[in-house]
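# Analysis of the macromolecular model
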Amino acid sequence: MKSKWFFWIIVVFITGILTGIGFLFFRNDPVPFWIIQCIVIASVILSSLIYRKLIRPYNILLSGMQLLKEQDFSTHLRPVKNKEANQLIEIFNRMISQLRNERSMVREKNHFLDLLIKASPQGIIILDFNKQISDINPAGMKLLNINNLSSVKGCTLNKAPFELADSLAALKSGDDVIIRSSGMTAYRCIRSSFMDQGFDHPFILIEELTHEFIKIEKDSYERIIRMMSHEVNNSVGAIGATLNVVSDIIRLDGKEEWQDVLPAVEASFERCGNLAHFIKNLAHVVKIPEPSLSDISLNELIRSVDALTRIECQNRNIRLVLSLTEQDHTIYADGIQLEQVLVNIIKNAYEAIEKDGEIRIITQTSPLSVTIEDNGPGISAEAKQKLFTPFFTTKKSGQGIGLMFVRDVLINHHFKFSLDTENGWTKFKIFFE
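The following paragraphs examine the structure supplied in this document. (Residues numbered from 1 in each chain as written. Predicted model: local features only at pLDDT ≥ 70, side-chain atom pairs only at ≥ 80, totals over all residues. Heavy atoms only, no water.)

Secondary structure assignment for the protein yields 12 helices and 12 strands. For the protein, the exposed area adds up to about 26,800 Å²; of that, 57% sits on carbon and sulfur atoms. (Helix = DSSP H or I, 4+ residues; strand = E, 2+ residues; numbered from the N terminus. Areas by Shrake-Rupley, 256 points an atom, 1.4 Å probe, with all protein chains shown as cover.)

And the structure:
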């Protein structure tokens, strides 16, 4: 528009000067006057032609540039009475139509991808070019126990306040690894990227594999235990019976030369009994029944567990402290199985402390949970990776089946749980919601 007004101002200015010069000759000699007037008329006609041929198309193209600048792809330029300009206008209009179609396709694809990401059962963490968290889909929020996206948005992974943050930050592009949390939850994590504005835009896929892992694991050790149970029970029964007969014969015989053998026979008989007891415990772990669910009082459950474990704690000079919520809460669970789980956890705690320590049982409302913590020696980084693994134990005389039982019962109840050492306290947390 500025060029249009500038052009006509110049035309008017030049026309005015020529007209004024013509009037100077009008009185003395009218011929120059009429010549000058003809020149003025010709210049006006020429100016109109120049405007139509050059200035007007130029202004139209400037308007088109303004449309591009404002990203308005819905407006087309009108043709003018200029063949060359119309060619430019036609190219411009075709480009606008193509941009509009491509923009529409991109928006549709982006909308589809947004819906796909939100509906995906896999957790997806999208990072920006500075490797900061820009978005997490609902499945990812649930898997990582994040209640509010704003609490992690803009954070780098190594500074994000969720459990897997450090492990995810260590992933490199193309990595496909299994990561375990302190709650025995297994995740398959893949780090990849897509091109955006010519740069790699990284993202991380997270898929929970806990149930698949446990099913494969359980199927494997069930077959092993069934085979072991059959062979060992047959052998132990026969050996035990034979040793018992030998022991009775030695006692009845009364010969002194056999008295040195008797302790070895009795120890072997006891060992057979221990082996049979071990196999029996394994069989119980394999045959955990489905939970019989009902409404139970959380505080009453904790008091019952306290009554079952307090005497042993007192014998070891270990303080057992209860910290229960004032308002009691009801949970939907199998009371017998859950009571045994809590007893096993406290048993692990006082056996880890051995003597002179403290165990706390704490219930919380938000989220509804129970925490059993002790000030024992804690869990090493190496042991942490093997917790809840079948037959793994840190105890000298342990069988490695206690935490297997705890894990399977809690998973059957669909309760989330974690076990970790923080600030000198080993904490086992169970979440009921």
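The mixed open sheet is built from five strands, whose spatial order is β7-β9-β10-β12-β11. Two strands lie at the open edges of the sheet, namely β7 (318-323) and β11 (416-422), each paired on one side alone. Averaged over all pairs of adjacent strands, the angle between their axes in this sheet comes to 15°, without regard to strand direction. Here β7 pairs with strand β9 (residues 357-364) via six bridges, running parallel. (Pairing = 2+ DSSP bridges. Axes fitted to C-alpha atoms, helices over the stretch in contact; angles between N-to-C directions.)

So, about the packing of aromatic side chains. Overall, the coordinates contain two aromatic pairs when judged by the stated rule. For the ring pair phenylalanine 415 and phenylalanine 432, a centre distance of 5.1 Å and an interplane angle of 90° mean the geometry is edge-to-face. Residue phenylalanine 415 is located in the loop between α12 (402-412) and β11, and its partner phenylalanine 432 is located in the segment after β12 (425-431); the two are separated by 17 residues in the primary sequence. On the basis of relative accessibility, which here comes to 8%, the residue phenylalanine 415 falls in the buried class. Under the relative-accessibility criterion, phenylalanine 432 is labelled buried at 13%. Pairing phenylalanine 417 with phenylalanine 428 gives two aromatic rings, centres 6.1 Å apart and planes at 10°, and the pair type is stacked. Of this pair, phenylalanine 417 sits in strand β11 while phenylalanine 428 sits in strand β12, placing them 11 residues apart in sequence. Stacked on the ring of tryptophan 425, the Lys or Arg arginine 360 has its end atom at 3.8 Å from the ring centre. (Phe/Tyr/Trp six-rings, centres within 6.5 Å; stacked < 30°, edge-to-face > 60°. Buried < 20%, exposed > 50% of the residue type's maximum accessible area, 1.4 Å probe, protein only. Lys NZ or Arg CZ within 6 Å of the ring centre and 35° of its normal.)

Now for the sheet that holds strand β3 (residues 176-180). Strand order across the open sheet formed by five strands is β2-β1-β5-β4-β3, with antiparallel pairing between neighbours. Of all strands in the sheet, those with a lone pairing partner are β2 (133-136) and β3, marking the two edges. Taken pair by pair, the neighbouring strands of this sheet meet at an average axis angle of 25°, ignoring direction.

Take it as geometry only, folks, not as evidence of what the structure does.
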